[in-house]
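# Report on the structure
The primary structure of each chain is shown beneath.
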Amino acid sequence: MRANALAPYRRITIKIGSALLVDKTGKLREDWLDGLAEDIAVLKEGGRDIVIVSSGAIALGRSILGLSAVALTLEQSQAAASAGQIALSQAWADALGRQNIVTGQILITPNITEERRYFLNARTTIATLLGLGAIPIINENDSVATAEIRYGDNDRLSARVATMIEADCLVLLSDIDGLYTAPPAKDPTASHIPVVERITPAIEAMAGGAASHLSRGGMTTKVEAGKIATQAGTAMIIAKGTEAHPLRALIEAGTHTLFQPSTTRAQSRKRWIMGTLAVAGTLQLDAGAVRALMQGRSLLPIGVTRITGEFERGDTVGITDPEGREIARGLVGLDSDDARLVMGKRSDFIGDLIGVGNRTEMVHRDNLVLIGAKEEASHELG
């Protein structure tokens, strides 16, 4: 018997498509959603963090507003999303509430995952909800997004979210049980692919188009989502979601396709901070702070002796020792004005200086890479 497909993963992002949540008449598939909620409760009881990326707002809103089930103008889509987001959020709150799970709604637009300040704020909100035992329900904010600024499908959005929160695995529930050598609806000889070690042009060529009138994408967008996820160190699973209890099926080793991550999350994060982000400023440390960093701790304001440059929260800064040698880089937790205000100060005084509720770390250890690890990280990344 094959193993539980979800067993290796602690933090899981699950993407739910419109065609799974909403039937052809525009009504919510309540029984299916209740079954999924039961599956999610089992995963949570097993110690997993779960984040949901849910489509369905426009599909539900169409029915609520009496709009066409096929073609909508941009304005009608935005209006349908506005009405449908309320219904969608309530549906998730009701279904998971019956499992004694609290939900929180987060509406995402592309700038939130592309601009570091918004990225960090969204990630912190999601992490806080997870820490409180809640499940974030995330969707693209279709009520204000235009065709020019939207993600265009929730497969790619779910991949962005999964990488943003450093999920171990992204599960795309679909109307098909994984990737085939060709679209099985068109080619009856197509064979199922259980594992994709690397997304190559040949793998991309196997994807087909959208299969449902409620879908914006098909296997093509799922493979593109796989590229986003796996390159950031997140595994991705495509599994069939149309039947009852789709996550239970994965737990019981149901058929699926696993896209293996191309790097570990730590390697991907090191590469991002070390190689692709420009340094906006510099923080010089005293000897005690240098020792703390070498021991894997966060950088606190008390250890900072000098700040150069102008930066905003989420920018990359260089971190130097007392002699000015760069020893680390990281994503700074304060803008330069606040950083200068609190540098050299004890953490218990920071609230009086910049307001209670602000972060006390100058650079959190999760957002920091030691320069001494640069050569090792480069070797690991090949």
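Residues numbered from 1 in each chain as written. Predicted model: local features only at pLDDT ≥ 70, side-chain atom pairs only at ≥ 80, totals over all residues. Heavy atoms only, no water.

Turning our attention to the overall build of the protein chain. Counting secondary structure elements, the protein chain contains 15 helices and 15 strands. Partitioning the contacts of the protein chain with sequence separation of at least 6, the portion at a separation of at least 24 is 73%. In the form shown here, the protein chain has an accessible surface area of approximately 17500 Å², with 50% of it arising from carbon and sulfur atoms. (Helix = DSSP H or I, 4+ residues; strand = E, 2+ residues; numbered from the N terminus. Contact = heavy atoms within 4.5 Å. Areas by Shrake-Rupley, 256 points an atom, 1.4 Å probe, with all protein chains shown as cover.)

Now for empty space enclosed by the protein. Scanning the entire structure with this criterion turns up 1 cavity of 30 Å³ or more. Considered as a void within the structure, the largest cavity measures approximately 50 Å³ in volume. Around the largest cavity, the lining residues are Gln85, Leu88, Ser89, Gln105, Leu107, Ile137, Ile138 and Asn139. Those elements giving two or more residues to the lining of the largest cavity turn out to be helix 4 (74-97), strand 3 (103-108) and strand 4 (135-140). Among the residues forming the lining of the largest cavity, the class breakdown is 4 nonpolar, 4 polar and no charged. (1 Å grid on protein atoms, 1.4 Å probe; cavity = no way out; pocket = protein on both sides within 12 Å on 5 of 7 lines; lining within 4 Å. Points joined across faces, edges and corners; volume = space filled by probe spheres on them. Nonpolar A, V, L, I, M, F, W, Y, C, P; charged D, E, K, R; others polar.)

Glancing now at helix 4. Relative to the 34 Å expected for 24 residues at 1.5 Å per residue, helix 4 spans 33 Å between its end C-alpha atoms, a close match to the ideal helical length. Its axis deflected by about 30 degrees at Gly84, helix 4 carries its strongest bend there. (Expected span 1.5 Å × (residues − 1). Bend = angle between axes of the 7 residues up to and from the residue.)

Before going further, it helps to spend a moment on unusual backbone geometry. The backbone of Glu166 shows a phi angle near 55 degrees, a positive value even though the residue is not glycine. Here Glu166 lies in the loop between helix 7 (154-164) and strand 5 (169-174).

Across the protein chain, the average pLDDT comes to 85, with 84% of residues at 70 or higher. Taken together, the stretch residues 209-216 has pLDDT below 50 and engages in 22 contacts with residues farther than four places along the chain or on a different chain. Long-range and interchain partners of residues 373-382, a stretch whose pLDDT sits below 50, account for 7 contacts in this model, where long-range means more than four residues apart. (pLDDT = per-residue confidence, 0-100.)

Moving on, we come to the nonpolar core. Counting residues in hydrophobic clusters, the biggest one holds 40 residues, and the most contacted among them are Ile126, Ile138 and Leu179. Among the elements that line this core, the one with the most residues is helix 6 (residues 116-131), at 6 residues. With near-sequence residues (within four places) excluded, Leu179 lies in contact with Ser191, His192, Ile193, Val196, Ile203, Met206, Met219, Val223, Thr257 and Phe259. Membership of the second largest hydrophobic core comes to 38 residues, among which are Leu6, Leu43, Ala91 and Ile135. (Core = buried A, V, L, I, M, F, W, Y, C linked by side-chain atoms within 4.5 Å. Buried < 20%, exposed > 50% of the residue type's maximum accessible area, 1.4 Å probe, protein only.)

Consider a sheet: its strands pair through backbone hydrogen bonds, and that pairing is either parallel or antiparallel. One open sheet accounts for 8 strands, arranged 3-4-2-1-5-9-10-8; its pairing is mixed. Whereas interior strands pair on both sides, the edge strands pair on one side only; in this sheet they are strand 3 and strand 8 (195-196). Seen against the sheet, helix 4 touches strand 1 (11-16), strand 2 (49-54), strand 3 and strand 4 and runs at an angle of roughly 150 degrees to strand 3. Most of the contacts of helix 9 (residues 219-231) go to strand 9 (residues 235-240), to which it runs at about 155 degrees, and overall it touches strand 5, strand 9 and strand 10 (256-259). (Pairing = 2+ DSSP bridges. Axes fitted to C-alpha atoms, helices over the stretch in contact; angles between N-to-C directions.)

Reading across from one edge, 12-11-13-14-15 is the order of the 5 strands in this open sheet, with mixed pairing throughout. Looking at strand neighbours, the two that pair on one side only are strand 12 (304-309) and strand 15 (368-370), the edges of this open sheet. The average angle at which neighbouring strand axes cross in this sheet is 25 degrees, direction not considered. Pairing of strand 11 (residues 279-285) with strand 13 (residues 316-320) involves 5 bridges; the strand directions are parallel. By the bridge assignment for strand 13, Thr282 is matched with Gly318. Its contacts with the sheet place helix 12 (residues 287-294) against strand 11, strand 13, strand 14 (326-331) and strand 15, and it is angled at close to 110 degrees to strand 11.

Inspection of every chain in the model, using the stated rule, returns 11 salt bridges. In this structure, Arg11 engages Asp49 in a salt bridge whose closest nitrogen and oxygen atoms are separated by 3.1 Å. Of this pair, Arg11 sits in strand 1 while Asp49 sits in strand 2; the two residues are 38 residues apart in sequence, bridging distant segments of the chain. Within the structure, one salt-bridge network assembled from shared partners comprises Arg10, Arg11 and Asp49. (Salt bridge = Lys/Arg side-chain N within 4 Å of Asp/Glu carboxyl O.)

Right, let's get into the environment of Leu21. Looking at the secondary structure, you find Leu21 in helix 1 (residues 18-21). Look at Leu21 and you get buried, because its relative accessible area is 0%. It is 9.1 Å that separates the C-alpha atoms of Leu21 and Ala59, two residues lying 38 residues apart in sequence. Setting aside its immediate chain neighbours within four residues, Leu21 contacts Ile16, Lys27, Leu28, Arg29, Trp32, Leu33, Ser54, Ser55, Leu88 and Trp92.

Packed helices, taken two at a time, are described by the angle between their axes plus the distance between the axes. Axis separation between helix 2 (residues 30-45) and helix 4 bottoms out at 8 Å; the angle between their running directions is 55 degrees. By the angle between their directions, the pair helix 2 and helix 4 is classed as oblique. Pair helix 2 / helix 4 crosses with right-handed handedness. In this structure, helix 2 contributes Leu33, Asp34, Leu36, Ala37 and Ile40 to the contact, and helix 4 contributes Ala91, Trp92, Ala95 and Leu96. Per-class residue counts for the contact of helix 2 with helix 4 are 8 nonpolar, no polar and 1 charged. (Parallel < 35°, antiparallel > 145°, perpendicular 65-115°, else oblique. Left-handed = near helix turned anticlockwise from the far one by under 90°.)

Once that is clear, we can look at the environment of Asp168. One can find Asp168 in the loop between helix 7 and strand 5. Using a relative accessible area of 17% as the deciding quantity, one classes Asp168 as buried. A C-alpha to C-alpha distance of 9.3 Å links Asp168 and Pro261, two positions 93 residues apart in sequence. Among the polar contacts listed, one links the side chain of Asp168 to the backbone nitrogen of Arg11, at a separation of 2.8 Å. (Polar contact = N/O pair within 3.5 Å; in protein donor to acceptor, adjacent residues only side chain to side chain.)

Turning to the side chain of Ser18, a few remarks are in order. With respect to the element layout, Ser18 can be found in helix 1. According to the relative accessible area criterion, Ser18 is buried, its value standing at 14%. Only 3.2 Å separates the side chain of Ser18 from the backbone nitrogen of Gly56, close enough to count as a polar contact.

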